Each structure stands twice: as C-alpha cells, then as structure tokens.
Amino acid sequence: MPSPTLTVGLVGAGGIARAHAPAWRALGADLVVHSVAGASELAAAHGGRAAATLDELLDTVDVVDVVTPTPTHLDVAAAALAAGRHVLCEKPLARTSADAVAMLDAARAADRQLYPGHVVRFFPEYALMRGAVQDGEIGRPAVLRFARGGMFPVWSPWFADDAASGGVVLDLMIHDIDVARWVAGEVTSVFATRRSLEEDGRPHTLAHVVLTHAGGAITHVRGLWGAPHTTFRTSFHVAGDAGVLRFDSAEARGVRSDLPPVPTGGQDRPAPAAGESPYLTEIREFARAFAASPTALAPDDPRTPRVSAVDGVVAVELAEAALASIDSGAPVPVDTAARARELGSTPVPTPTLATTGSRA
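Residues numbered from 1 in each chain as written. Predicted model: local features only at pLDDT ≥ 70, side-chain atom pairs only at ≥ 80, totals over all residues. Heavy atoms only, no water.

1. Observations concerning the pattern of salt bridges
Under the definition given, this model contains 15 salt bridges. Among the ionic pairs, arginine 49 bridges to glutamate 56, the shortest N-O distance being 3.6 Å. You can call glutamate 56 partly exposed: its relative accessible area is 30%. For arginine 339, the salt bridge is made with glutamate 317, and the minimal N-O distance between the two is 2.9 Å. Here arginine 339, found in helix α11 (residues 336-342), pairs with glutamate 317, found in helix α10 (residues 309-328); they are 22 residues apart in sequence, far enough to count as distant. According to the relative accessible area criterion, glutamate 317 is buried, its value standing at 18%. Within this structure, Arg121, Asp178, Arg181, Glu186 and Asp311 form a network of salt bridges that share partners. (Salt bridge = Lys/Arg side-chain N within 4 Å of Asp/Glu carboxyl O. Buried < 20%, exposed > 50% of the residue type's maximum accessible area, 1.4 Å probe, protein only. Helix = DSSP H or I, 4+ residues; strand = E, 2+ residues; numbered from the N terminus.)

Written as structure tokens, this is what we have:
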C-alpha cells in the first residue's frame with residue numbers, strides 16, 4: 001500500500017482500463033475516469049468518479065494512467081506531464097519512435113516519472129525465467145523462442161488500421177520483443193516477415209520477428225491475430241548451453257526446466273509465484289515509485305520499477321525496425337546498446353558464462 005494515498009486519473013475506459021482500474025483500487029488509490037465513452041460506468045464499477053474533461057481530471061489527480069488508443073498516447077501523456085503529473089502509459093508507449101522520444105523528453109522536462117505498461121515483465125513465469133537466465137541457470141543463452149496469439153481484437157476497429165495500431169507487430173508482439181531484450185541483452189539486427197488475409201472483413205495476420213543479440217543469442221518471436229475462435233495463448237522456450245526453460249499458457253504446469261541437477265548444498269530453484277494478477281503486481285511497483293517521490297527517480301534507486309521509459313522507447317524502435325524489414329525483405333541493423341546510452345540509460349546486461357555465476 002503506497003503512502004500517501006494516490007489519486008489516479010484513468011484516461012480511457014476500454015478493455016485495458018478494466019484491468020488497470022481494479023488494480024489501482026486494490027492498492028487504495030482514489031480513481032477518476034475520463035473517456036469519450038464509458039467513463040461513468042467504469043468509475044461506478046470501481047468506486048471512483050467520472051471527469052467531464054481531461055483538464056478537470058488533471059486538476060485533481062497525482063498520476064495519469066493512459067489507456068487510450070495508441071495514436072492518442074503522446075497527446076494525453078504530454079498534457080499530463082505538462083500539468084506536473086506522473087504518467088503510466090499502456091504499451092506501446094507511442095505509435096512511432098519519434099512520438100515515444102517526444103514523450104520521454106516531456107517527462108524529463110517536467111521532472112516527472114514516466115513508465116510504459118509492459119505487463120509481461122510482471123508475469124511470474126516470465127520474471128522467473130529472466131531471473132534464472134541472469135543467474136546462469138541455463139548457461140549462455142543461445143536460442144529464445146516466444147509466441148503470442150489469439151483472435152483479432154474485433155471489439156475495437158482501429159486495430160485493423162495499421163497506421164493507427166502498428167498491426168500485430170507493434171500492438172501484440174512488442175511484449176515479447178521487449179522481454180527478449182530484457183532477457184538476452186541488447187540487439188544488433190532485426191529481420192521480420194508477415195502474412196495477412198482478410199475474412200469477413202477482419203484481418204488475420206501471422207508475423208515472425210528474428211532478433212540477433214549482441215551476446216550472440218538469437219530470438220524468434222511469433223505473433224498471431226487469428227480467427228474468432230482462436231484461443232489466446234503464449235509460450236516461451238529459452239535454451240542455453242547448460243539447459244532449457246519453457247512455458248506454455250495452455251498447460252497448467254508453470255515453467256518447466258531441463259537443467260542439470262542442483263549441486264550438493266545448492267539452493268533449490270524457486271517455484272513460480274501464483275495467484276496475483278500481473279496487472280496488480282505491475283501497478284503496485286509503479287504506485288510505490290509514484291508515492292516515493294514528487295520527481296523522477298534515479299535509475300539506481302531501489303524503488304525504480306523494472307521497466308523504464310527508455311525501455312518503452314527502444315521497444316517501439318525495435319518494432320519499427322521489424323516493420324521496416326517486412327517492407328524491405330531484408331534484415332535491419334540496429335544498435336540498441338548505443339541507443340540506450342544515447343537516451344541516457346545503461347544498456348541491458350548480456351547474460352554470458354563469463355558474467356553469470358552458478359553454471360560458469
């Protein structure tokens with residue numbers, strides 16, 4: 001429970017707002033909602049109140065949670081930051097990298113905190129996997145495979161407009177693109193393909209993105225927007241030279257491992273956490289940071305969340321590189337380590353046998 005109590009302005013009342021609102025209320029936050037539609041209903045469902053305008057909301061809140069369609073993120077976040085409010089912005093941080101950088105610049109000019117809603121970093125299975133990789137449990141990462149897919153989001157027609165949503169790559173696969181960098185380190189090349197067809201006026205799209213990491217690992221990301229009967233499913237298979245970690249949401253067995261036995265006297269490997277919504281875990285971490293300081297936190301502050309605004313910018317840039325590769329049919333060279341430094345952040349560590357401990 002953050003202290004003092006935060007007043008949170010939720011801008012937007014669509015699907016993701018219905019995941020964020022109960023998390024804020026579970027943490028004791030006061031809730032104010034503004035949206036072009038559905039604000040009164042969402043506020044009433046969670047013991048909050050509706051604001052007739054964005055300005056009215058900004059006048060009364062400490063934090064703004066941006067859960068509007070992607071093309072509006074920059075305008076809403078910039079207004080909130082200019083008003084001196086901290087911002088949580090649902091992924092992707094912005095529709096373009098230029099807009100994402102503009103949002104980062106606005107946060108720094110206002111000296112306020114800005115975080116992207118990359119909730120997959122807070123799923124217990126993904127967090128457990130990343131911790132095991134960083135601890136050297138699989139040795140040097142070699143091949144990582146991530147998959148994520150389900151039915152096309154028919155509830156919001158703007159998703160079908162690539163100019164607005166960025167399509168399956170920017171809107172859906174950005175989760176795994178971000179996690180791949182978080183787990184295997186900075187990226188030097190992006191190659192992608194995409195195939196689409198239309199059925200009953202709805203696009204069905206399958207895309208593949210291949211990331212080459214600075215440490216030599218290769219990540220393959222698969223994303224699907226499918227037919228109406230397609231069940232949502234995610235998975236990962238992370239292989240190194242000492243073992244494998246894998247997970248499939250269609251199975252009820254959590255993270256499975258093919259690893260050497262724990263050495264005599266060594267610690268047992270942790271079991272994945274269970275029972276709490278990852279949206280609550282995510283928002284608790286952000287709420288603690290927002291309550292801790294009226295200004296931006298230093299990167300090395302222990303209250304700083306596990307995902308940063310720079311991570312959000314780099315994820316958008318990697319998704320844009322994938323879209324450029326789809327258009328050209330060729331790999332796109334990138335240097336996310338240099339880019340992170342340019343944006344004022346420390347590059348993500350590259351897990352290798354030389355820097356991890358238990359399997360070196």
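2. What to know about the packing of helix α1 (residues 17-26) against helix α9 (residues 278-292)
Between α1 and α9, the shortest axis-to-axis distance is 9 Å and the interhelical angle comes to 55 degrees. In terms of axis orientation, α1 runs oblique to α9. As α1 packs across α9, the resulting crossing turns out to be right-handed. In this structure, α1 contributes Ala19, His20, Ala23, Trp24 and Ala26 to the contact, and α9 contributes Tyr279, Leu280, Glu282, Ile283, Ala287 and Phe290. Of the residues belonging to the contact of α1 with α9, the class tally is nine nonpolar, one polar and one charged. (Axes fitted to C-alpha atoms, helices over the stretch in contact; angles between N-to-C directions. Parallel < 35°, antiparallel > 145°, perpendicular 65-115°, else oblique. Left-handed = near helix turned anticlockwise from the far one by under 90°. Contact = heavy atoms within 4.5 Å. Nonpolar A, V, L, I, M, F, W, Y, C, P; charged D, E, K, R; others polar.)

3. Thoughts on α10
With 20 residues, α10 extends 29 Å between its outermost C-alpha atoms, agreeing within 8% with the 28 Å of an ideal straight helix rising 1.5 Å per residue. Of all 20 residues that make up α10, 16 are buried, and the element is covered over most of its length. Of the residues flanking the end of α10, it is glycine 329, one or two places downstream, whose phi is positive at about 80 degrees. (Expected span 1.5 Å × (residues − 1).)

4. Structural notes on helix α8 (residues 167-184)
Given a rise of 1.5 Å per residue, 18 residues ought to cover 26 Å, and the 25 Å separating the end C-alpha atoms of α8 matches this to within 8%. Considering bend angle alone, the principal kink of α8 is centred on methionine 173 and spans about 60 degrees. Buried residues dominate α8, accounting for 18 of its 18 residues. (Bend = angle between axes of the 7 residues up to and from the residue.)

5. Thoughts on unusual backbone geometry
The linkage connecting lysine 91 with the following residue, proline 92, adopts the cis geometry, with an omega of -15 degrees. The residue proline 92 is located in the loop between β5 (86-90) and α5 (97-110) in this model. Look at aspartate 111: it is not a glycine, yet its phi comes out positive at around 55 degrees. Note on placement: aspartate 111 falls in the loop between α5 and β6 (114-117). Overall, aspartate 111 belongs to the partly exposed group, its relative accessible area being 36%.

6. So, the sheet that holds strand β4 (residues 63-66)
Strand pairing within a sheet occurs via backbone hydrogen bonds; the two strands may be parallel or antiparallel. Taken together, the six strands give an open sheet; going across it, the order is β3-β2-β1-β4-β5-β6, and neighbouring strands pair in parallel fashion. At either margin of the open sheet sits one strand with a lone partner, and together these are β3 (49-50) and β6. Here β4 pairs with β5 via four bridges, running parallel. Looking at β5, one finds that valine 63 is bridged to histidine 86. (Pairing = 2+ DSSP bridges.)

7. Quick notes on the nonpolar core
Counting 75 residues, the largest nonpolar core has Val64, Val87, Met129, Phe146, Val169 and Phe236 as the members making the most contacts within it. Among all residues touching phenylalanine 146, those that are not within four sequence positions of it are Tyr126, Met129, Asp176, Val179, Ala180, Thr219, His220, Val221, Arg222, Ser235, Phe236 and Val238. Of all hydrophobic cores here, the second largest spans 28 residues; its members include Leu6, Ala39, Leu42 and Phe286. (Core = buried A, V, L, I, M, F, W, Y, C linked by side-chain atoms within 4.5 Å.)

8. Here we look at the packing of aromatic side chains
If you walk through the whole model with that rule in mind, you get eleven aromatic pairs. Relative to tyrosine 126, the ring of phenylalanine 123 lies with its centre 6.5 Å away and its plane at 80 degrees, an arrangement referred to as edge-to-face. The class of tyrosine 126 is buried, set by a relative accessible area of 2%. Connected via pairs of aromatic rings, a cluster forms that spans Phe123, Tyr126, Phe146, Phe236 and Phe247. (Phe/Tyr/Trp six-rings, centres within 6.5 Å; stacked < 30°, edge-to-face > 60°.)

9. Regarding the confidence of the model for the protein chain
Per-residue pLDDT for the protein chain averages 91, and the proportion of residues at 70 or more is 92%. Long-range and interchain partners of residues 262-273, a stretch whose pLDDT sits below 50, account for 14 contacts in this model, where long-range means more than four residues apart. Within the model, pLDDT remains below 50 along residues 353-360, and this stretch shows 24 contacts once partners closer than five positions in the same chain are excluded. (pLDDT = per-residue confidence, 0-100.)

10. Description of the environment of serine 293
When you line up the elements, serine 293 lands in the loop between α9 and α10. Sequence separation of serine 293 and proline 141 is 152 residues, and the distance between their C-alpha atoms is 37 Å. Discounting residues that sit within four places of it in the chain, serine 293 has contacts with His86 and Gln113.

11. Remarks on the layout of surface pockets
In this structure, the largest pocket encloses a volume near 1300 Å³. At the level of elements, α4 (73-82), α6 (124-134), β7 (141-151) and α8 are the ones that each hand at least two residues to the lining of the largest pocket. Partitioning the lining of the largest pocket into residue classes produces 23 nonpolar, 15 polar and six charged. Taken as a whole, the second largest pocket spans an internal volume of roughly 690 Å³. In terms of lining, the second largest pocket is formed by 30 residues, of which the most central are Pro299, Thr304, Ser308, Ala309 and Ser345. (1 Å grid on protein atoms, 1.4 Å probe; cavity = no way out; pocket = protein on both sides within 12 Å on 5 of 7 lines; lining within 4 Å. Points joined across faces, edges and corners; volume = space filled by probe spheres on them.)

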